[in-house]
Amino acid sequence: MSVIDALNRHDALCLEVFPPRTDAGMEKLCGSVLPQLYSLRPDAVSCTYSAGGADAGKNLEVLGRVAKDGRCLPVTHFTCIGNTAQSAKAQLQTYLDSGINHVLALRGDPPAGWAGSGGELQSAGELVALIRQEFGGAFAIAVASAPEGHPGSRSLEAEIALLKQKQDSGADYIITQLCWDMDAFRYWLDAIRAAGIRLPVEASVMPVLDQAETISAAFSHGGSAVPQTLCEIISKNWIYPNPFVKDPFDARAEQKRADFRKAGMEYTIHQIHEYQTCGADGIYLFTRNRYEDTALIVKEAGLAGRG
């Protein structure tokens, strides 16, 4: 079984988690959160992988648990950062031996002070080619693309040209970067199809539930545009002096948080429906390791009980 099968149904659902930094967090994720997430019947659970690979062991622990549980497919992130061809091959073999045969191939963001990738592999395209050369069809390979253009690319056209190279190197499907601007997504989708890119697309969705998290996501995910409708939700419920202050002096802070969450939940569900309408083959939902929020979105958006 592969995520490709679900993408071909045009209703794939992948839930992203991250490796907790503490033993207590890991115990909670693997002991209670993952089993709860399985109840939503995702096709896959994806686990992030830090650029420098510092949490690779915990990433493998999480995904090894997903593979062992057998309720859905495990998808690992994997970056070029600091890797030689041989080290990448060895690590990927470890994933394969652990029952993890889906990989999101990424260049990765170099740690501060690094020049280039700090390793032998310089691009996601090179990593895709390496995986295909060394492992044949053993892995299903996802690649990333930014509908608004990656900050490191000269232009959106250059970004699409790189995506075409990833397809030609053997990629199987695309997972988009965060994008709230649906006009930008539609333009990008039309442009990649016009460029001969036929890979299925999973559209990433970052739930809008907290002001500070939403603003941070806009800046930390490559500089995502915040559409007017989302700006209005933030503005209408603005917490003074700002949502990053732990103890704001805004007397209505708690009510504003609740109102923002309600409006943001509606915004998120509407965005999922827009993605489905305009041709996305699946939804890639950031869970932040939270079951309750994820379950509400999945159920309200009609993503539960598919297939």
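Because the structure is predicted, anything quoted here is derived from the model rather than measured.

Engineer: How should I be thinking about the environment of S123 in this particular structure?
Structural biologist: Structurally, S123 is set in the loop between β4 (102–106) and α5 (124–135). S123 sits in the partly exposed class, given a relative accessible area of 27%. The spacing of S123 and L296 is 173 residues in sequence and 37 Å in space, taken between C-alpha atoms. Ignoring any residue separated from it by four or fewer positions in sequence, one finds S123 in contact with C80 and R107. Among the polar contacts listed, one links the side chain of S123 to the backbone nitrogen of E126, at a separation of 3.1 Å.

Engineer: Could you clarify how one ought to interpret the nonpolar core in this entry?
Structural biologist: Side chains that are nonpolar tend, in soluble globular proteins, to be buried together. Within the largest apolar cluster, 68 residues are counted, with the highest numbers of intra-cluster contacts made by L34, I131, I174, F185, W188, I192 and Y275. The contacts of I174, once residues within four sequence positions are left out, are V143, S145, L163, W188, I192, I197, L199, P200, V201 and E202. Counting 29 residues, the second largest nonpolar core, distinct from the first, contains L7, L104, W180 and Y284.

Engineer: Can you walk me through the pairing of strand β2 (residues 44–47) in this structure?
Structural biologist: For a regular strand, side chains alternate in direction, first toward one face of the sheet and then toward the other. The alternating pattern of β2 places A44 and S46 and V45 and C47 on opposite faces, both of which are buried. Taken together, the four bridges between strand β1 (residues 12–17) and β2 define a ladder with parallel strand orientation. Bridge pairing in β2 places E16 opposite S46. Crossover connection from β1 via helix α2 (residues 23–38) to parallel β2: handedness right-handed. Bridging between β2 and strand β3 (residues 73–79) involves four bridges; their strand directions are parallel. Paired with A44 across the two strands is L73, which belongs to β3.

Engineer: So what exactly am I meant to see when it comes to the pattern of salt bridges here?
Structural biologist: The full count for this structure, using the stated rule, is 15 salt bridges. Of the charged contacts, one joins R9 and D11 as a salt bridge, the two residues approaching to 2.8 Å between their closest N and O atoms. With relative accessibility at 36%, the residue R9 sits in the partly exposed group. Taken together, the shared-partner salt bridges in this structure form one network comprising E213, R261, R288, R290 and D293.

Engineer: Before we go on, may I ask you to explain the packing of helix α6 (residues 156–169) against helix α7 (residues 182–194) in this structure?
Structural biologist: Pairs of packed helices are described in terms of their axes, by the angle between the two and the distance that separates them. With their axes 10 Å apart at the nearest point, α6 and α7 run at an angle of 50° to one another. Looking at the two axes, α6 sits oblique to α7. In this structure, α6 crosses over α7, and the sense of that crossing is right-handed. Across from L156, E157, I160 and L163 in α6, the residues of α7 making contact are Y187, W188, A191 and I192. Here the residues of the contact of α6 with α7 are counted per class, giving seven nonpolar, no polar and one charged.

What counts, and at which threshold
- Residues numbered from 1 in each chain as written.
- Predicted model: local features only at pLDDT ≥ 70, side-chain atom pairs only at ≥ 80, totals over all residues.
- Heavy atoms only, no water.
- Helix = DSSP H or I, 4+ residues; strand = E, 2+ residues; numbered from the N terminus.
- Buried < 20%, exposed > 50% of the residue type's maximum accessible area, 1.4 Å probe, protein only.
- Contact = heavy atoms within 4.5 Å.
- Polar contact = N/O pair within 3.5 Å; in protein donor to acceptor, adjacent residues only side chain to side chain.
- Core = buried A, V, L, I, M, F, W, Y, C linked by side-chain atoms within 4.5 Å.
- Pairing = 2+ DSSP bridges.
- Right-handed = clockwise from strand over helix to strand, strands pointing away.
- Salt bridge = Lys/Arg side-chain N within 4 Å of Asp/Glu carboxyl O.
- Axes fitted to C-alpha atoms, helices over the stretch in contact; angles between N-to-C directions.
- Parallel < 35°, antiparallel > 145°, perpendicular 65-115°, else oblique.
- Left-handed = near helix turned anticlockwise from the far one by under 90°.
- Nonpolar A, V, L, I, M, F, W, Y, C, P; charged D, E, K, R; others polar.

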